Amino acid sequence: MRAEPKRDTAIPNTITIDGQEIPFSIGQTIMDAALAAGVYIPHLCHRPGLTPHGSCKLCTVSIEGRNVASHTADRRIQASSSVEIDSRSVSACTMPAMAGQQIRNNTPALNEVRKTITQMLFIEGNHLCPSCEKTGDCTLQAVAYHLGMLDGHFPQLSPRREVDASHGSVVLDRDRCILCELCVRASREVDGKNVFAISGRGIDAHLIVNSASGKLADSDLETGDMAAHICPVGAILIKEHGYEVPIGRRTFDLHRVSEIGLEPVILAKVRHTDE
Amino acid sequence: MEHDSPTSYARRVAIDPITRVEGHGKITLLLDDNNHIREARLHIVEFRGFEKFIQGRPYWEVPFFVQRLCGICPVSHHLAAAKAVDQLVGVEQLTPTALKLRRLLHFGQTLQSHALHFFHLSSPDLLFGFGSNLAERNIVGVLEKYPEVALQGVKLRKYGQQIIMAIAGKRIHGAATVPGGMNKPLTIAERDALLVDIQDVLAWSSEAVALNEHIHTGHPEHYGFATLRTNFLSMTGSGGELELYHGGLRARTAGGESIIDQFDYRGYRDILREEVRPWSYMKFPYLLALGKEQGWYRVGPLARVNNCDAIPTPLAETARQRFREFGKGGFVHDTLAYHWARMIEALHCAESINELLHDPDIIGADLVAPHGEKRRVGIGVIEAPRGTLFHHYQIDAQGLIEKANLIVSTTSNNQAMNESVRSVANEYIDGNEITEGLLNHLEVAVRAYDPCLSCATHALGKMPLQVELLAADGALVDRLTKGVSGEITRSV
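These numbers were taken from a predicted model, which means no experiment stands behind them. (Residues numbered from 1 in each chain as written. Chains lettered and ligands numbered in written order. Predicted model: local features only at pLDDT ≥ 70, side-chain atom pairs only at ≥ 80, totals over all residues. Heavy atoms only, no water.)

**Q** I'm lost on the side chain of Thr388(B) in this one. Help?
**A** Residues and elements named next belong to chain B. Topologically, Thr-388 is positioned in strand 12 (residues 387–395). The exposure class of Thr-388 is buried, given its relative accessible area of 0%. At 2.7 Å, the side chain of Thr-388 and the side chain of Glu-383 are in polar contact. Not counting residues up to four positions away in its chain, the partners in contact with Thr-388 are Leu-233, Ser-234, Leu-249, Val-299, Val-381, Ile-382, Glu-383, Ile-407, Val-408 and Ser-409. (Helix = DSSP H or I, 4+ residues; strand = E, 2+ residues; numbered from the N terminus. Buried < 20%, exposed > 50% of the residue type's maximum accessible area, 1.4 Å probe, protein only. Polar contact = N/O pair within 3.5 Å; in protein donor to acceptor, adjacent residues only side chain to side chain. Contact = heavy atoms within 4.5 Å.)

Laid out in structure tokens, this is it:
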């Protein structure tokens, strides 16, 4: 239970995103406040109800005026990306909302940075949308469309990571993993288990399974677990299903990724049930 | 059949995936000591590798993966793979609605592919003549001179694609099948929308058959053009009738004697072998019973219309009977009769579509059959527009593909295309020089088979093609290249 926000008559509990004044409660992040007000900030690793993770960086926004980046390196990155120098780039999903914050979100410069991040996510894995059963229901794909991504831009890394199909009803295709840790957090925080983790660093980071053999079959993952369904891409899939929701009825045939509160819809589609 | 030992030409012909130029046809003509063409090689240099890179993928992905083999007949690959996947999940019998939806999808696909091939790719050759001005020998030229014909072709293709769109959600590379069934019913509104144009489609298809019959029978010079007497392989229904979706394999000799009949295609390895030759990525399949030298065969519309005892729709059956009369009771071996047979099949597709759209099962909702005992091997075979198509998958205990073997239709026609090219080259070669006329005629011979390569390369009548003439000692005698814009260059 969160504490009631303290009311300060001098400084109202509001932030401003792209000129729109948005109320917030103490303890909320910028993302929480934005979603509550129906403002979309692109994101992949965030999901209401799970601990914010701040790993995908797609929700990067800039806060103007104060707390500007103090490191030269940060400033250089900002300058090269045409992001305002006199601002500070933060992850909206982890940055607490503070009264008076002037936030830029939906700007060409920020969306360009987000597009670049999305391109890097694509080329780092094997995201072959045409044959992937998640196509049309995939949040990464939908975000790419939203940001106007037309190609991968960077050379494909074409990884060859292990496919784990040992589990009776769940398959893990690591080549599609974007390391968002939604499955890690869902398993821990919702399912009360600890099935997944990320191991390795940098380019070698990969999803591992918490079992003696390292195989899904030997973990306590069950089909009903949220961790088995929460993957925003096609890395964790229910076995022997796919393509069951026809083209025209898939999540992003019917919805924009920028719609607020889509999470239950996406989850239902992963369970292969239509709206 | 003539072909060399693998080593004798090993130094002269090198095909490497790195050097491939996608969308170019290349033909090498090998002379003997008397300057006759003893062998022709149509080089297939597009390297796909699907059999390899689906290894390790989950089996239920396969129908979606492999349809990307082609942009003209993806539905054929999708359905052949889906039939194999049905076996993997232990489904022997689809629900009536699912089966009829798949058949409707397949008829729509075959109709649009056949329409594309005749009207867009081949009609310019046939209506203007093989050696006619390149500037008008294309679909734009047909639109100007024969606007009715060209528009009918465009509309037929569009109609076929509308069917695909209604069932698979997209005109190209949609999603229709699930293991043991289909993912979406056909709504009453979708069916009614398709019924609007069906009478026109039947009329256009009938006219296309008449036009092709007229073109073929009216040109005696077409009869022997690139013509070969070959074995034929196709699928037929249980009564020996023309069947495009599911049936038994039938192979007959050139004279019509039965080699196999009503053969369960899941045993195809017992009757077929594939030979690898070092100068092509495309294999050379042959009927085991007849051996490498005699066992090659033709597939596709000519094989099917010759091989079947009847066509189960009345207009196409009448057309088939006229076709057989032309063959004087025997098989029609004329290579250019592929076009005629293709339009007879297009008419059969139109009639079958009409029947299916009036069948109450087509709007049923029972789409998926209960799965049975899982199996490790699935073999799906279908009569694709270009011929018999084999998809064979083996999976491991976890459901991942271990092995895959695909015999695509064009592969089955490989030897026949080479032989047709040799026959035309011998007839039209002028001394030791490759002429533009020869180039055009070789193109027409290859195109009759509607090979995948012609789909990929035949951009509005401007199929880039290179023909090389090699002496008996392997020395280059002549080389003529036609570029994408039709310009001819000679280089020796």
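Having seen the structure, we can now continue with the description.
**Q** What should I look at first to understand the environment of Phe53(B) in this one?
**A** All names here are of chain B. Looking at the secondary structure, you find Phe-53 in helix 1 (residues 50–53). Take Phe-53: its relative accessible area is 40%, and that puts it in the partly exposed class. Linking Phe-53 and Lys-403, residues 350 residues apart in sequence, is a C-alpha distance of 10.0 Å.

**Q** In this structure, what is going on with the interface of chain B and chain A? I would like to understand it.
**A** Bring the parts together and some accessible area is lost; that lost area is often taken as the interface size. With 19 residues of chain B at the interface, the matching set in chain A holds 19 residues. Here chain B and chain A share an interface that buries about 1,700 Å² over both sides, 60% of which is from carbon and sulfur atoms. Inspection of the region where chain B meets chain A yields 3 salt bridges. In this structure, Arg176(A) and Glu61(B) form a salt bridge, with 2.7 Å as the shortest nitrogen-oxygen distance. Linking chain B with chain A are 8 residue pairs in polar contact (both at pLDDT 80 or more). Classifying every residue of the side of chain B that touches chain A gives 8 nonpolar, 5 polar and 6 charged. (Buried area = accessible area lost by both parts, 1.4 Å probe. Salt bridge = Lys/Arg side-chain N within 4 Å of Asp/Glu carboxyl O. Nonpolar A, V, L, I, M, F, W, Y, C, P; charged D, E, K, R; others polar.)

**Q** Please clarify how the nonpolar core should be interpreted in this entry.
**A** Across soluble globular proteins, you tend to see nonpolar side chains buried next to one another. Judged by nonpolar contacts, the single largest core of 127 residues is most densely connected at Leu29(B) and Tyr393(B). For this core, the leading source of residues is helix 13 (residues 337–357) of chain B, giving 13 residues. The contacts of Leu29(B), once residues within four sequence positions are left out, are Ile37(B), Glu39(B), Ala40(B), Val421(B), Ala425(B), Leu438(B), Val467(B), Glu468(B), Leu469(B) and Leu470(B). Of all hydrophobic cores here, the second largest spans 49 residues; its members include Leu172(A), Val195(A), Phe196(A) and Val270(A). (Core = buried A, V, L, I, M, F, W, Y, C linked by side-chain atoms within 4.5 Å.)

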